[in-house]
Structures are given as structure tokens and as C-alpha cells.
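# Examination of the molecular architecture
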Amino acid sequence: MGDVVAINFGIGGMNCASCVGRVETALGRVEGVQDARVNLASETASLQVASGFDPKDAVAALATAGYPATVQTRRYAIENMSCASCVGRVERALAAVPGVVDVSVNLAREEAVVQSLTAEPDAAIVQAAQAAGYPATPVTDTASSPAPDRKVEEAAHLKRMTLLAAALTLPVFVLEMGGHMIPAFHHWVMSTLGQQLSWSIQFVLTTIVLAWPGRRFFVTGVPALLKRTPDMNSLVFLGATAAWGFSTVALFLPQLLPAGAQAVYFEAAAMIVTLILLGRTLEARAKGQTGQAIRKLVGLRPKTARVERDGNVSEVAIDAITVGDLIHARPGEKIAVDGTVTRGSSYVDESMITGEPVPVEKLPDTRVVGGTVNGTGALVYRATHVGADTTLSQIVRMVEDAQGAKLPVQDMVNRITMWFVPVVMAIAAATFLVWLAFGPQPSLGHALVASVAVLIIACPCAMGLATPTSIMVGTGRGAEMGVLFRKGDALQVLAEVDTIALDKTGTLTAGRPEVTDLDVFNGWSQADALRLVASVEAQSEHPIASAILRHAEKQGLSLAAVTSFASQTGHGVHAEVEGRRVLVGADRFMQAEGVSLAAAEGRSAAWGAEGKTPLFAAVDGALVAMIGVADPIKETTPQALEALHEAGLKIAMITGDNKATAQAIADRLGIDTVVAEVLPDGKVAALEDLQQAGHKVAFVGDGINDAPALAGVDVGIAIGTGTDVAIEAADVVLMSGDLQGVVNALHISQHTMRNIRQNLFWAFGYNALLIPVAAGVLYPLFGVLLSPVLAAAAMALSSVFVLFNALRLRWIAAAATA
């Protein structure tokens, strides 16, 4: 960045003039910032920056100061990318745009995800991409307005060009190679057409092939060469042009060539273009299939819905629905947007969102999700989330973000491919010179064949496609199974974990505890003790409080007025009820308050051994009741934990429950490690202990108090039926409340990473093995010199192999049914 450039962006967290001063000071210390001015009213910063400025430094400085920068994330469709070296060039071009914080380019999706400080980066990004030779177009919200499928159009165009090239190439191939394979045919051609006319026909047809179907390689390959940033198209251009140029000289100016070197390779030039076009056609079709999961999700969205306004029900376009609208869903219709049922009852098929095959009952006040299918009943529901805020839109965005992610393994690939094409060109030049100097006669012909074969057989395409295609298909298949990878690198890290840590309530258990026992002490009756306890717990939102309230309602008890209510997270609650001080909580809470639990010790231990949680109540410092609460284990939990053990993972349970109850549940489920009686911050400490012991840990939770733990581990997995806070903190989201989703997530991660390793092994192994063969290393031993035609076929097939290997991930079976 040579000249001084202005950058304007938003800043959060400012509320007074002193904040402005701190922000300006923080920005002023960033290298390259010449002037920083902050506007409190608009909450924006205006920077004058020069050489040495890195937007990441500004973002980090503001984060440290406590005033986060507003970073815009945008997606762009990128044209003309054909190989991994193109990815590097696009990333460098876009990263050079002032204000750009990060760039991630996906070759398989042909898209770039750009994080920028500037509010409207589109014009600068489009201009930079165009200057680099890769036109960019901003991508709109896929879920709300799906863009036309470019891959379908491109595959159709490539198919037409391939058929045209094949039709023109076939006579050339027959005239030249037919004569080599069938001597009688050669004599017939020579006696009827003659060599000059035969070569002239080949020249005309091959020239048309290069100028028309093969034009794409020239249009992008030549500018890349002139900019000294050669790509795959440059290699094809050089190879095909070299074969065509040599043959043209042999046809029209044979006197310029040494004796014995007058031969034509028109069939090689034409076949190179035809075979690589065929490979590109298959690539485009396969790439289109990699995005199938996104298209399926977008296809779930109905186009219209029946909306009730002012007492009238009419058909309304889905984009015209607003929050608060009443929507009517007839039997068999799709739910249009997220909402809450107001009238009617039905069973709704939510398998397309959660992966769960059993329809879910919907009654008044229950939630419905857009894209799901209503059963045989009629429903009226009120829209709560529309457009980009619906669950379906959020899922699509999550999948798109994960599919565009760059895994750590990709960094190595990018470093190699940056130098790949120039190195191949150097090898081709060296091959030509060595054959020309030391090869047998006609040495010029051999040198040409070998060097062209080197140029054509090299395949950075396979390297560039190896990782992103597997990520796209793997995360897409995960979405179909109800597993959403919010962060792409979680796909790689999850495959490396050796310990799964689980919260108990709502994760291992149903999350809806019920009162199972009630013992009273010091002359209290069950009704009187339960009435006071329920009165206090009515002020709490804890699941156990709800269980006690439900139990009191069943007994027909009326609640008393409560004053001075206070809660101690993880311990218990206390309040004034009818002039008495009532305490309700765990044993540690009672002990801290000086309440003796001696009368309940034996019974408490027995309940704990049965997996029940004992809760104590005291009035005016004396124990009055012990309540047994049990949260039933989900039906699928034992099967899921068994599958995790079979995968070689250790399982840890981290819970705020007392040790006896937690150990009883752990013994029943075969859990390896139990950490009980921990407060929310204790979960983080317990997970850190596991990590410090050398374990790679994934934590599964669903509550607000799980958010710090989900954010702090190697991989955080949130059960989608949990809270928004937990989901936002997680790396992986399970749309169902079923632990089988954890098994599915692990299954997808392991299969995808194995697929990536296979692709990389093939891509690198292919080049490492066949480039020397193309250069002619086998000729001294076996007299074998690889034809450029075979080289073109091998190159095309290498990319197609990588793509179709990745597509196998579409058939990963759910772990529960595998």
C-alpha cells in the first residue's frame, strides 16, 4: 500500500467521549496509521493509512481495548479459476484491497469469502478481482433468493464445446494415428490424398479447434503468462501451441527443420484441447453435485403461504410475510416460516431440518420451523422469524460458511501450489534442452513430445480440488443428517479428539426432571413442606424448580406469597414465606448455611445410588424435607455412548449434580470419568484439566451455563434444542436433542478427513510419479516416451478422480443405522 488510503468502518462498545479517546489512541499505535478520527454519534472510525498497515492489527488493537471493529463478511462468485494456483492469485489480489482483514477462496465452489472493515467493499473487491483476471460478482443471500446454478450452465456450455472439439478432432486423429496403427490405411491416405493435403486438412481442423473450443485456454492462459503468474490454462496453452506451431512449420516451412524432424503433431494439439475440455465438463458436473445439499435446503422453502390479515385469508408470496402474520397450514403443506402455533393440532415432519424421522406433535404454543411438512391436521401459527432470520436460512448460512472454510491442512497445499506451475514450466524447459542435446534422432521431435507431455500432464487442479470438494460434500451430508459445522476447521479437529465430555442435564438425560420421592422431618407433613418449597421454587426458572411445581400442582396445593427471594447459582435459593426463612438447595448449600443433614444421610446416599438427586429444604434453620428428583436418561443415550466407545473415545461427564447421583448414572452408562458438584465456571476448569493431561476434548452441552465450556474446548458441540447462547458458542450444532448426533458428527468428520487424505495422496502422488515419466525417465530402460495425448487424458482424469472420490461422501450412512 504505497499511497495514503482512507478507510472507514464501524466500532462497537463506545458510549462516551473517553471511549473515543481510547479508541483513537489504540488505532494510532497501529503501524501504518497516519491519522485516526472517531465519531461517537455514528460509531465509526476514519483512518488515513499508508505502507505497512495491516487491517488485522487494527482489529486486534480494538479488541484488546474492548471496542470491537465491525467486520463485514461477504461472498463473491469468482470466474476463470481453473487450478490451485488461481486460488493463491485471487487471495493475494483481494487481500491487497485496503480494509480487507481476511480472504478465503474455495476452488470447488468458485467463491471467495472476504472479511472487510469497510462497510461497502463490493466495488473495490470487484475491481481488484477483475484486474487480476478473475471477474467477481457479489453473492446474495442464497436462502432468500437462490442464484441461478452457474455450474449447470457452465457444464452445458462445456459439453457443447467438447462435442464440437471432438467432431473436429476425430478426422485429424484418424488421418494421423490411423496411419500409424494400420499400415494399409496409411498407404491409402498417401495414394489418395497425399501427405501435403492430409497435413493441410489436419492443420485447418486443428486450428479451428484451438481458435474456437480451445479459445478459453488462450484468453486466460496468455494474460497469466504475460503477468508472470502462469496457471493451468497457461500450461495447456503452451503445450497445445508448441505442438501446433512445430507442426505448422513442418507443413509450410519444412526447410527450417533438421533432416528427419519433419513430422506433425496436429492430433496431439487437438486431442489435448478435446480431452481437457472433456475433463472440465466432468468437473463442472461433479462440482454441481457437491453443492446439492445447499440446493436441497433452499428447495425446502415454499414460494407462497396462506396468510390471514384483517380476517381474510389469501395467498401471499413468502417474501411478503412479516413477523406477527397469522399463517394457515393445510394438511400436507410446508410450514412457510418459523412461528408459534395459535390454533389446531397436527404432527409435523421435521426430518429435513433435524434428521429425526419421527413426526413431532404440534399443539398451541409450540414452535414450528419453516421448511418442515405439516401432517394430516390443520394449523394456524403466528410468524416469529421471517426471511434471513428463519432457522432454514441460518442453516443454509452455516453450511455455506463451513463449505467455504479453509482447513489447516489446506495451508500446506497452498504453499506448494504457489510454486507448482512455474516449477513445471522449468522442468518442461529442462526436458526440452536435455532431449535436444542428448536424445536420439530426431532429437527435436523427441524434445518437443517430452516437453509438451510434461506441460500437459502436470495437474494443480487436483491439488486445489482435493480439500474443498471433500469439505463441501462432507458438510452438506452432515446438514442432511442434522449436523451443522458452524466453523469449518471443526471438521478437522473433531476427527482428532480422543475424549468426549458431556453435560448431564438435557444432554445425557431428557432435561425434564420429575419428583420421585419426598421425605419430611421434625414433625412436618408432606403437604405443608411441599407447599412452602413450591412457593419458593415458583420464583426460579431451574428445571428442578419446574419439577417441584408440577408435583405441587398434582397435589392441588395453593402457593404462598414470597418475599426477599434470592438465588445462588449452583447452590440453591432462599426466601421469606409467611414470615419464615425458607432454604431450598443442594447439600453443600445447607452445610454452608449451618443446617444439619444428619437425619437424612442414609436416605440421601440410597437415593444417590439409584441415580436420584436429593434436594433439601430447611425452615428457620431446621431441616424439614428431602426431595428426590430424577431426570430420565434419553432412550438413545446408551446406544450413542456405546458407539463412541467403539470408536475408541473416552467419555467424561461433567455435572453440577452431587457425586453419588452422578456416579450412579456413570456406572449405568459406562462413563469413564466423572466430575461432579461443579459450578458453571468449574466446568471450564475441569475441561482445562483434561486438555492439560494431553487429551483433545470435545464438549457437548445445551444450556446457557454451558456456553463458556463450549467456547473453551477444542471442539464445542451444542445440542440444537438448547439455548441460542450455547449454539452461538459452539463449533458444531446438532439440530436434534439426540446424542446420536454426536456419533454422526464424529462419523462425518472422520470420513471427510480420510477422504481429504486420499485426495491429497492421489493429487501429489500423481504429479510426483507421472511428471518424470512424461519427461522421459523410462525411455533409456524401456524405450517408452509418453504421448502428449495420453498426458492430456491422464491430467483430465486426475481432477475427475478427486471430484468423484469426494462425491462418495454423499452416501455416508447415519451412524445410528450404519
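Procedures and definitions
- Residues numbered from 1 in each chain as written.
- Predicted model: local features only at pLDDT ≥ 70, side-chain atom pairs only at ≥ 80, totals over all residues.
- Heavy atoms only, no water.
- UniProt positions renumbered as here; feature names shortened; annotations may be inferred.
- Helix = DSSP H or I, 4+ residues; strand = E, 2+ residues; numbered from the N terminus.
- Buried < 20%, exposed > 50% of the residue type's maximum accessible area, 1.4 Å probe, protein only.
- Areas by Shrake-Rupley, 256 points an atom, 1.4 Å probe, with all protein chains shown as cover.
- Pairing = 2+ DSSP bridges.
- Axes fitted to C-alpha atoms, helices over the stretch in contact; angles between N-to-C directions.
- Polar contact = N/O pair within 3.5 Å; in protein donor to acceptor, adjacent residues only side chain to side chain.
- Contact = heavy atoms within 4.5 Å.

Where an unreviewed UniProt entry is consulted, the protein appears under the name Copper-transporting P-type ATPase, with the organism given as Sulfitobacter pontiacus. In the Sequence similarities (unreviewed entry) part of its UniProt record, the protein is described as follows: "Belongs to the cation transport ATPase (P-type) (TC 3.A.3) family. Type IB subfamily."

Before going further, it helps to examine the overall build of the protein. Helices and strands together make up the secondary structure of the protein, namely 30 helices and 29 strands. Each of the three principal axes of the protein carries a C-alpha extent, and together these read 120 × 65 × 60 Å. Residues counted as buried form 52% of the 818 residues belonging to the protein. Total accessible area on the protein is roughly 34,400 Å²; 58% of this is exposed by carbon and sulfur atoms.

The next thing to look at is the sheet that holds strand β6 (residues 111-116). Spatially, 4 strands are ordered β5-β6-β4-β7 in an open sheet, and the strand pairing comes out antiparallel. Each end of this open sheet is capped by a strand with a single partner; those strands are β5 (100-106) and β7 (136-138). Neighbouring strand axes in the sheet, compared pairwise and without regard to direction, differ in orientation by 30° on average. Inspection of the sheet shows strand β4 (residues 72-78) paired to β7 by 3 bridges, in the antiparallel sense. Along β7, the bridge assignment pairs Ile 78 with Ala 136.

Below, the discussion takes up the sheet that holds strand β13 (residues 360-362). If you trace the 3 strands from one edge of the open sheet to the other, you get β13-β12-β15, paired in antiparallel fashion. Edge positions in the open sheet fall to β13 and β15 (373-374), since each of these has one partner strand only. Note that strand β12 (residues 346-349) and β13 share 3 bridges and pair antiparallel. Across the sheet, the residue bridging to Val 348 is Val 360, located in β13.

Turning to its location among the elements, Asn 755 is positioned in helix α28 (residues 740-775). Of the residues examined, Asn 755 reaches a relative accessible area of 2% and is grouped as buried. Side chain to side chain, Asn 755 and Ser 470 meet in a polar contact 2.7 Å long. Ignoring anything within four residues of it in the chain, the contact list for Asn 755 reads Ser 470, Asn 805, Ala 806, Arg 808 and Leu 809.

Below, the discussion takes up the environment of Ile 627. When you line up the elements, Ile 627 lands in strand β24 (residues 622-630). Judged by its relative accessible area of 2%, Ile 627 falls in the buried class. Note: C-alpha distance between Ile 627 and Val 515 (112 residues apart in sequence) is 7.1 Å. Excluding anything up to four places from it in sequence, Ile 627 contacts Val 515, Asp 517, Leu 518, Val 533, Ile 548, Trp 607, Thr 613, Pro 614 and Leu 615.

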